[in-house]
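Structure at a glance
Here is how the chains run, residue by residue.
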Amino acid sequence: MKIFNTLTMRKEEFVPIEPGKIRMYVCGPTVYNFIHIGNARPMIVFDTFRRYMEHKGYDVNYVSNFTDVDDKIIKEAIEEKCTANEIAEKYIAECKKDMAGMNIEPATTNPRATHEIDGMIDMISKLIEEGHAYVKNGTVYFSTRSFPGYGKLSGKNLDDLRSGFREIKVTGEEEKNDPLDFVLWKPKKEGEPFWESPWSEGRPGWHIECSVMAKRYLGDTIDIHAGGEDLVFPHHENEIAQSECANHAPFAHYWMHNAFLNINGVKMSKSLGNFFTVRDISKEYDLEVLRFFMLSAHYRTTLNFSRELMEAAKTSLDRIHRAASRLEDIAEHADKREMSDEERKVLDGAKAFIAKFDEKMDDDCNTADAEAVVFDLVRYANTNVADNAPAALAQGVLDVLTELCGILGIHALKKEKSLDADIEALIEKRQAARKARDFATADKIRDDLLKQGIELMDTREGVKWKRV
Ligand code: AMP
Ligand code: ZN
């Protein structure tokens, strides 16, 4: 398996620290709102990488955090008139629902920054003791000049950066010894959540969170660290500096970064306001379509989101589903006769697609070409498995198709849309009607559901339903 390593800017053969095991950390979202489909790109891409490594027999310890304390969360809490913790809880739950819809396997561990404050205080204390950090008025800064390797991931010219920073002085940061120094701990402002520490009542900086969570759940040196390419500098550069100074060991052997998801040629982001949430998309498409679309490009190439490409992904998925359900039909209804030699060869031919698929994925996780192999297999199945083929052949080919789709996180056989989801959708429609004071529609939905044996109950916690 070859991986493009941002640290060396080359494709390198993947060699794990411990044979058969992978320790992997992926920077997760800041939970202050529903995730947008740009955030979904690293989730889908690295989940696919993980599934592929599991298919190759690796045991993957996959850790992905939630950043649950941050300026944006605090701002949202003020707007929604609740606590920052309530905002984080709410959007972590919503994010997990979206991830389930996109078939993202739950991480081995999903640590939350606010549950790891003690570890952060320990690491910051160690950095101060060893001369890599200093305190000014309750704020702790990392001293970038104390780490000779600073800049090795991003390859930036630090002197240029330093002089640039000096020109645009950020207010409140004049006390730093060097413009590239960054915050490890900052004192609270009035009304903000805070924790006790030896330096001030305050909260950790964003970068230290990931260094601490990676160390706690994966160890001092990990195999792979991943995230979106916007994180290379300063986030990942700073994580390396903190971790390597505190642990006296290399932090991550391989760094993987996905390119952006754009819209009309511009990065999709919350601050620009040009985004769709995963939830918006789920109202129009099965989220497997979004997943399939995302994997239709190599993860290191920029991908432009458009309705045409989503429609194309939907058509492609339909083709896979049709081929799979035809094979299933044959397997269920065909006679159980033995395969002829000829038919055995057809099955071997189908199995050969696994090696072709692996070859594409082994080349830096080329999901675009891997999807093309799945189509070749669909075409092969449609032409070579006859309607009167024996069950063993149809089932054997279907198994190969299911396996390859499974690595991409796609169900070859269309998911049965659950009845529960339909009911929930109708309840939402009824709530909307009530809000619009359209009581006739609201009552009709309730009566129709009752006819299907579903009774709605309006409670303080919202609408509940039961079968009667
Ligand atoms: P954030 O919540 O902004 O910290 O982002 C969480 C993850 O989503 C990070 O790995 C980001 O790099 C990634 N990300 C955010 N926006 C995009 C985008 N438009 N395209 C691809 N990845 C993105
Ligand atoms: Zn991170």
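To be clear, the structure that these remarks concern was listed above.
Small disclaimer: the values here were computed from a predicted structure and weren't measured.

1. Topic: the overall build of the chain
- Of the regular secondary structure elements, the chain holds 15 helices and 15 strands.
- For the chain, the spread of C-alpha atoms along the three principal axes comes to 80 × 60 × 40 Å.
- Out of the 468 residues in the chain, the part that is buried amounts to 51%.
- Sequence separation of at least 24 residues holds for 76% of the intrachain contacts in the chain that already meet a minimum separation of 6.
- Entry remark: accessible area of the chain is about 22,200 Å², with carbon and sulfur atoms responsible for 51%.
- Each charge class in the chain was averaged separately, 65 positive and 81 negative side chains, and the resulting centres sit 3 Å apart.

2. Concerning the coordination of the zinc ion (ligand 2)
- Protein-derived ligands of the zinc ion (ligand 2) are Cys27 (SG), Cys210 (SG), His235 (NE2) and Glu239 (OE), with the metal-ligand distances lying across 2.1 to 2.7 Å.
- Geometry at the zinc ion (ligand 2) is irregular, judged from the four donor atoms that bind it and their angles of 70 to 130 degrees at the metal.
- Read N to C, the donor residues that coordinate the zinc ion (ligand 2) are spaced as C-x182-C-x24-H-x3-E. Placement of the pair is His235 and Glu239 together in helix H7 (residues 232-247), with a separation of four residues, close to one helical turn.
- The class for Glu239 is buried, based on a relative accessible area of 0%.

3. Observations concerning the pairing of strand E15 (residues 462-467)
- The pairing of strand E14 (residues 454-459) with E15 spans six bridges and is classified as antiparallel. Across the sheet, the residue bridging to Asp458 is Val463, located in E15.

4. Some words on the side chain of Asp70
- Relative to the helices and strands, Asp70 resides in the loop between strand E4 (59-64) and helix H2 (71-80).
- Although Asp70 is buried, it makes no salt bridge; Lys72 carries the closest opposite charge, 4.6 Å away.
- With near-sequence residues (within four places) excluded, Asp70 lies in contact with Thr30 and Arg203.

5. So, the environment of Tyr62
- Mapped onto the secondary structure, Tyr62 falls in strand E4.
- With 399 residues separating them in the primary sequence, Tyr62 and Glu461 have C-alpha atoms 35 Å apart.
- What Tyr62 contacts, discounting residues up to four positions off in sequence, is Met24, Val26, Phe46, Asp47, Arg50, Ala107, Thr108 and Thr109.

6. Some thoughts on the state of the cysteines
- In total, this model carries zero disulfides according to the counting rule given.
- Among the cysteines around Cys95, which has no disulfide bond, Cys27 carries the closest sulfur, lying 14 Å off.
- Taking relative accessible area as the criterion, Cys95 reaches 2% and is therefore assigned buried.

7. Things to note about the site of ligand 1
- Around ligand 1 lies a shell of 18 residues, among which Thr30, Gly228, Asp230, Leu261 and Met268 are the nearest.
- Between ligand 1 and the protein, one listed contact pairs a nitrogen atom with a backbone N or O atom of Gly38 at 3.1 Å.
- A distance of 2.4 Å is found between an oxygen atom of ligand 1 and a side-chain nitrogen or oxygen belonging to Asp230.
- When ligand 1 sits alone it has 490 Å² of accessible area, and the protein chains cover 90% of it.

8. A look at the side chain of Ser243
- The residue Ser243 is located in helix H7 in this model.
- What makes Ser243 buried here is its relative accessible area of 0%.

9. With respect to the pattern of salt bridges
- For the coordinates displayed, the defined rule picks out 40 salt bridges.
- Taking the shortest distance from any N to any O, the salt bridge between Lys56 and Asp362 comes out at 2.8 Å. You can see Lys56 sitting in the loop between helix H1 (37-55) and E4 and its partner Asp362 sitting in helix H11 (residues 341-362), a full 306 residues away along the chain.
- For Asp362, a relative accessible area of 22% translates into the label partly exposed.

10. Comments concerning H1
- Helix length check: H1 (19 residues) gives 26 Å between terminal C-alpha atoms against 27 Å at 1.5 Å per residue, within 8%.
- Buried residues dominate H1, accounting for 16 of its 19 residues.

11. As for helix H12 (residues 367-384)
- Taking 1.5 Å as the rise per residue, H12 with 18 residues should run 26 Å; its terminal C-alpha atoms sit 25 Å apart, in good agreement.
- Of all the positions in H12, only Thr367, Ala370, Glu371, Val373, Val374, Phe375, Leu377, Val378, Tyr380 and Ala381 are classed as buried.
- Packed against the buried residues of H12 are H1, helix H9 (287-294), helix H10 (307-333), H11 and helix H13 (391-407).

12. Observations concerning the nonpolar core
- In terms of nonpolar packing, the biggest core is built from 98 residues, with Met102, Leu290, Phe305 and Phe357 touching the most fellow members.
- Beyond its immediate sequence surroundings of up to four residues, Phe357 is in contact with Tyr52, Ala370, Val373, Val374, Leu404, Ile407 and Leu408.
- Ranked by size, the runner-up nonpolar core spans 39 residues in total, among them Met123, Phe147, Trp199 and Ile240.

13. As for the packing of aromatic side chains
- Counted under the stated rule, the structure contains twelve aromatic pairs.
- Judged by centre distance (5.5 Å) and plane angle (55 degrees), the rings of Phe276 and Phe305 are tilted. Taken together, the residues Phe276 in the loop between strand E12 (266-267) and helix H8 (278-284) and Phe305 in the loop between strand E13 (303-304) and H10 connect sequence positions 29 residues apart.
- Note on Phe276: relative accessible area 34%, which makes it partly exposed.
- When its relative accessible area of 9% is taken as the criterion, Phe305 is described as buried.
- Ring centres 5.6 Å apart and planes at 85 degrees place the aromatic pair Phe293 and Phe305 in the edge-to-face group. Here Phe293 is found in helix H9, whereas its partner Phe305 is found in the loop between E13 and H10, with twelve residues between them in sequence.
- What links up through ring pairs into an aromatic cluster is the set Phe14, Tyr58 and Tyr254.

14. Some points on the sheet that holds strand E7 (residues 182-187)
- The strand order E5-E6-E7-E8 describes an open sheet built from four strands, whose pairing is antiparallel. Looking along the sheet, the strands with just one partner apiece sit at the ends: strand E5 (133-136) and strand E8 (202-204). Across the sheet, the mean angle separating the axes of adjacent strands is 20 degrees when strand polarity is ignored.
- Note that E7 and E8 share three bridges and pair antiparallel. What sits directly across from Lys186, in E8, is Arg203.

Conventions and cut-offs
Residues numbered from 1 in each chain as written. Chains lettered and ligands numbered in written order. Predicted model: local features only at pLDDT ≥ 70, side-chain atom pairs only at ≥ 80, totals over all residues. Heavy atoms only, no water. Helix = DSSP H or I, 4+ residues; strand = E, 2+ residues; numbered from the N terminus. Buried < 20%, exposed > 50% of the residue type's maximum accessible area, 1.4 Å probe, protein only. Contact = heavy atoms within 4.5 Å. Areas by Shrake-Rupley, 256 points an atom, 1.4 Å probe, with all protein chains shown as cover. Lys, Arg positive; Asp, Glu negative; His and termini not counted. Charge placed at Lys NZ, Arg CZ, Asp CG, Glu CD. Donors = N, O, S within 2.8 Å, 3.2 Å for Na, K, Ca; no water. Tetrahedral: all angles 85-135°; square planar, octahedral: opposite > 155°, others 65-115°. Pairing = 2+ DSSP bridges. Salt bridge = Lys/Arg side-chain N within 4 Å of Asp/Glu carboxyl O. Disulfide = S-S within 2.5 Å. Near = heavy atom within 4 Å. Polar contact = N/O pair within 3.5 Å; in protein donor to acceptor, adjacent residues only side chain to side chain. Expected span 1.5 Å × (residues − 1). Core = buried A, V, L, I, M, F, W, Y, C linked by side-chain atoms within 4.5 Å. Phe/Tyr/Trp six-rings, centres within 6.5 Å; stacked < 30°, edge-to-face > 60°. Axes fitted to C-alpha atoms, helices over the stretch in contact; angles between N-to-C directions.

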